[in-house]
Amino acid sequence: MGMTLIEKIIANHSKESFVKPGDIVDIDIDIRVARDFGGANVVKNIHDYQLKVADPEKTFFTFDCNPTGSDQKYAVNQQICRLFARDNGLKVFDINNGIGTHTLIEKGLAYSGTTAVTTDSHANILGAIGAFGQGMGDKDIAAAFHHGKVWFKVPKSVKINLNGKRPKGVFAKDIVLGLLNRFGANSLLGCAVEIYGEEVDRFTLDERITIASMATEMGCIIILFTPNEAIMEYSEFRNGKKLEVVRVDADAHYDQVYELNLESFVARVSLPGEPHNTVPVSEAKGTPIDSAFIGSCTNGRMEDFRIAASILKGRKIAPEVVFKIVPATDEIWKTCLKEGLIHIFKEAGAMVSNAGCAGCAAGQVGQNGEGEVTISTGNRNFPGKQGKGDVYLASPATVVASAIAGCIVPYDQIPKTPCIHDITSEKIVEPALHHSIFDANKPKSVEGRVWYIPMDNIDTDMIYHNRYLTITQMEEMGQYTFDNLKGYEDFASKVQVGDIVVVHKNFGSGSSRQQAVDCFKSLGVQAIVAESYGAIYERNAINAAFPIVTCTDILELKLADGDKISVDFETGELVNLTKDISVQGEGFSEVQLEIYQNGGLF
């Protein structure tokens, strides 16, 4: 039996000639990267555990979360990374460069078959060029800096065939929003997805980047494309040498194969709150907006800005609408300038910022305020991610048309007169309290009071919002836990040392932030039980020796807040002691138990 793309890449970077789903192997990492928000924590881990950098030529920092250097805490963290880089001979792609994952492609560092890890949860964007990319927490990245490798569990592979021709007016963003509509946030959870089709073979690099960049929002480990000739020529030009394409074996085994009709796809928008909650643009038509944003690692590419400029040329942004544009890299920014696109944007009334992540990171261009309605090309619209307002996700064509119209419209239905509107809102702010760190004795089973939160897809912004990412001291983190999860804003003030949190599917989806694990440790929470976890969150918890247990039969426990349960880490047995009901979950794997008993990865 042959291997899928992800299996082949992993095998090529391990001691194994053949790997299959479920195998846990050590993978050699070609590119090891820390960003500005996680970089200082990586440096702290390296100092605290007296680690060394294994290979400086393969180790980098990318400053893209706050490329303006406009935040004092970010500026401090960036300088910590710069000084460490100087001392260890590392390359820094500084605040003038742009988004790190795009830089790895642009500089020819990543290409078909390579492996990369970074503190960016959208590192899987590298699947666009047939490379392995994974976002990981600061402990994982510190380990990669030190060892040059990380442990990884080989995921199941899923194949999606997109059959037929692409309809006119359907862009890459519409395709990935259509996939999100079909599969949701957890149907493909933990899987590596390969996409094929005659039309897919013609997808450009920029289109593949758009689709691959939303693998995280689909719960996937990665979305992989096999590079076509044009993309291999691009990679070879950027890298400076002849490269080989890694292709799937003809007899590879897939867990699932889906046949989808590309001709049925339509232009879509994601409704506020969940990227996978999408509808045709026609159903959201007429929704007033306050602001529009084109950029992010999903749609900050040259093709995106050419599309936007072609629609915007000779027109003006609607009154009372703020239009923000942020290219993904400085090279793209300069090309926009050279081709006259910046002039078109400015003449129309848009603002253009320097390259970077923008609205997905707190304190940057693209954030919105409470009561504000934004239409964005970003990949996430979780509550609070781009600010306190509502965020619709759409293609660059839909975004720019809506900015002109003052309301959401299809790109080919821009009205002659923009709509005028007035929206007000009330602001509610509740304080969070501080708890000290709970010093657990690493028992193999625990008992505790239950916090039962019957919700799917609780993402890392709901757990620990990105406005607190500059905090590096664990004892300061607990007070902010769940302060962005509706209905649980007071969790930090009410939780007790020894409590156990029980949730439903896909807990911890979203970004790679370690703080979303450490905040529970800070509060003294003993464990989390969930039906499933976001892939990066699961790794971060395991590496931090924080107990997480998977159980698909949580509903059978008939839990209520305040019930007392026991959790056996070795066997996976869960017992509702209050109601005398037991179910079987998954016990710790050998790796998880070893790290747990060790007190952490280091």
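## Section: the packing of aromatic side chains
Right, so step 1: Taken as a whole, this structure holds 22 aromatic pairs when the rule is applied.
Right, so step 2: Here the aromatic rings of Tyr-464 and Tyr-468 are separated by 5.8 Å at their centres, their planes lie at 70°, and the arrangement is edge-to-face. Judged on exposure class, the residue Tyr-464 and its partner Tyr-468 are both buried.
Right, so step 3: Relative to Phe-520, the ring of Phe-482 lies with its centre 5.4 Å away and its plane at 70°, an arrangement referred to as edge-to-face. A residue pair is termed long-range when its members are at least 10 positions apart, and Phe-482 in the loop between helix 15 (460-463) and helix 16 (491-494) and Phe-520 in helix 17 (residues 515-523) qualify at 38 residues.
Right, so step 4: When its relative accessible area of 0% is taken as the criterion, Phe-482 is described as buried.
Right, so step 5: Under the relative-accessibility criterion, Phe-520 is labelled buried at 0%.
Right, so step 6: An aromatic cluster is present here, built from Trp-451, Phe-482, Phe-491, Phe-507, Phe-520, Tyr-537 and Phe-546 joined pairwise through their rings.
Right, so step 7: We note Lys-159 situated over the ring of Tyr-196; from NZ or CZ to the ring centre the distance is 5.3 Å.
Right, so step 8: Against the face of Phe-183 rests Arg-182, its NZ or CZ located 4.6 Å from the ring centre.

## Here's the deal with helix 18 (residues 535-543)
Right, so step 1: Summarising burial for helix 18: seven of the nine residues are buried, a large majority.
Right, so step 2: Of all the positions in helix 18, only Ile-536, Tyr-537, Arg-539, Asn-540, Ala-541, Ile-542 and Asn-543 are classed as buried.
Right, so step 3: Directly beyond the C-terminal end of helix 18, a positive phi value near 60° is found at Ala-545.

## What to know about the pattern of salt bridges
Right, so step 1: Per the stated rule, a full pass over the model turns up 26 salt bridges.
Right, so step 2: The partner of Glu-199 in a salt bridge is Arg-202, with the nearest N and O atoms 2.9 Å apart.
Right, so step 3: Glu-199 sits in the buried class, given a relative accessible area of 12%.
Right, so step 4: A salt bridge links Arg-380 to Glu-217; its shortest N-O distance comes to 2.6 Å. Of the two residues, Arg-380 is situated in the loop between strand 17 (373-376) and strand 18 (390-393) and Glu-217 in the loop between helix 7 (205-212) and strand 10 (222-224); the sequence distance between them amounts to 163 residues.
Right, so step 5: With relative accessibility at 3%, the residue Arg-380 sits in the buried group.
Right, so step 6: Residues joined by salt bridges that share partners form a network here, namely Lys-165, Glu-198, Glu-199 and Arg-202.

## Quick word on the packing of helix 2 (residues 36-48) against helix 5 (residues 138-147)
Right, so step 1: The contact between helix 2 and helix 5 brings their axes to 8 Å, and the two run at 60°. As far as their axial angle goes, helix 5 and helix 2 are oblique. Viewed along their axes, helix 2 and helix 5 form a crossing whose handedness is right-handed. Judged by residue contacts, Gly-38, Asn-41, Val-42, Asn-45 and Ile-46 of helix 2 engage Asp-138, Lys-139, Ile-141, Ala-142 and Phe-145 from helix 5.
Right, so step 2: Broken down by class, the residue content of the contact of helix 2 with helix 5 amounts to five nonpolar, three polar and two charged.

## Topic: the sheet that holds strand 8 (residues 157-163)
Right, so step 1: Strand order across the open sheet formed by four strands is 10-9-8-11, with parallel pairing between neighbours. Single-partner strands in this sheet number two, and they are strand 10 and strand 11 (256-261). Each neighbouring strand pair of the sheet contributes to a mean axis angle of 25°, computed without reference to strand direction.
Right, so step 2: In terms of strand pairing, strand 9 (residues 192-196) meets strand 10 through three bridges, oriented parallel. Each residue of the ladder has a partner; that of Val-193, found in strand 10, is Ile-223.
Right, so step 3: Its contacts with the sheet place helix 1 (residues 5-12) against strand 8, strand 9 and strand 10, and it is angled at close to 120° to strand 9.

## Some thoughts on the pairing of strand 2 (residues 31-35)
Right, so step 1: Within strand 2, five of the five residues are buried, which leaves it mostly tucked inside the rest of the structure.
Right, so step 2: Taken together, the three bridges between strand 2 and strand 5 (residues 115-118) define a ladder with parallel strand orientation. Its bridge partner lying in strand 5, Val-33 is registered against Thr-118.
Right, so step 3: Bridge count for strand 2 against strand 3 (residues 59-62) is four bridges, and the pairing is parallel.

## With respect to the side chain of Thr-398
Right, so step 1: In this structure, Thr-398 sits in helix 14 (residues 396-405).
Right, so step 2: Sequence-distant contacts of Thr-398, that is, excluding residues within four places in its chain, are made with Val-269, Val-281, Ile-375, Val-409 and Tyr-411.

## Observations regarding the packing of helix 17 against helix 18
Two quantities define a packed helix pair, namely the angle between the axes and the distance from one axis to the other.
Right, so step 1: Put simply, helix 17 and helix 18 touch, their axes get as near as 9 Å, and they point 45° apart. Between helix 17 and helix 18, the angle is such that the two are oblique. Crossing handedness for the pair helix 17 and helix 18: right-handed. Contacts between helix 17 and helix 18 pair Ala-516, Val-517 and Phe-520 from the former with Tyr-537, Asn-540 and Ala-541 from the latter.
Right, so step 2: Here the residues of the contact of helix 17 with helix 18 are counted per class, giving five nonpolar, one polar and no charged.

## A closer look at the pairing of strand 5
Residues in a regular strand project their side chains so that they alternate between the two faces of the sheet.
Right, so step 1: Both faces of strand 5 are covered, namely the face carrying Thr-115 and Val-117 and the face carrying Ala-116 and Thr-118.
Right, so step 2: Here four bridges tie strand 5 to strand 6 (residues 132-135), and the two strands are oriented parallel to one another. Each residue of the ladder has a partner; that of Val-117, found in strand 6, is Gln-134.

## Some words on unusual backbone geometry
Right, so step 1: Located in the positive-phi region is Phe-482, a residue other than glycine, with phi close to 65°.
Right, so step 2: Not every positive phi belongs to a glycine, and Lys-558 is a case in point at roughly 50°.

## Here we look at the environment of Ala-527
Right, so step 1: With respect to the secondary-structure elements, Ala-527 resides in strand 21 (residues 527-530).
Right, so step 2: The class of Ala-527 is buried, set by a relative accessible area of 0%.
Right, so step 3: Put simply, Ala-527 and Lys-388 are 139 residues apart on the chain and 30 Å apart in space, counted from C-alpha to C-alpha.
Right, so step 4: If near-sequence neighbours (up to four positions away) are discounted, Ala-527 is found in contact with Asp-499, Ile-500, Val-501, Phe-546, Pro-547 and Phe-569.

## Observations concerning the nonpolar core
Right, so step 1: Membership of the largest hydrophobic core comes to 94 residues, with the highest contact counts inside it found for Ile-160, Leu-162, Ile-195, Ile-211, Phe-323 and Phe-345.
Right, so step 2: Counting residues in hydrophobic clusters, the runner-up holds 41 residues, among them Ala-11, Ile-29, Ala-252 and Tyr-254.

What counts and how
- Residues numbered from 1 in each chain as written.
- Predicted model: local features only at pLDDT ≥ 70, side-chain atom pairs only at ≥ 80, totals over all residues.
- Heavy atoms only, no water.
- Phe/Tyr/Trp six-rings, centres within 6.5 Å; stacked < 30°, edge-to-face > 60°.
- Buried < 20%, exposed > 50% of the residue type's maximum accessible area, 1.4 Å probe, protein only.
- Helix = DSSP H or I, 4+ residues; strand = E, 2+ residues; numbered from the N terminus.
- Lys NZ or Arg CZ within 6 Å of the ring centre and 35° of its normal.
- Salt bridge = Lys/Arg side-chain N within 4 Å of Asp/Glu carboxyl O.
- Axes fitted to C-alpha atoms, helices over the stretch in contact; angles between N-to-C directions.
- Parallel < 35°, antiparallel > 145°, perpendicular 65-115°, else oblique.
- Left-handed = near helix turned anticlockwise from the far one by under 90°.
- Contact = heavy atoms within 4.5 Å.
- Nonpolar A, V, L, I, M, F, W, Y, C, P; charged D, E, K, R; others polar.
- Pairing = 2+ DSSP bridges.
- Core = buried A, V, L, I, M, F, W, Y, C linked by side-chain atoms within 4.5 Å.

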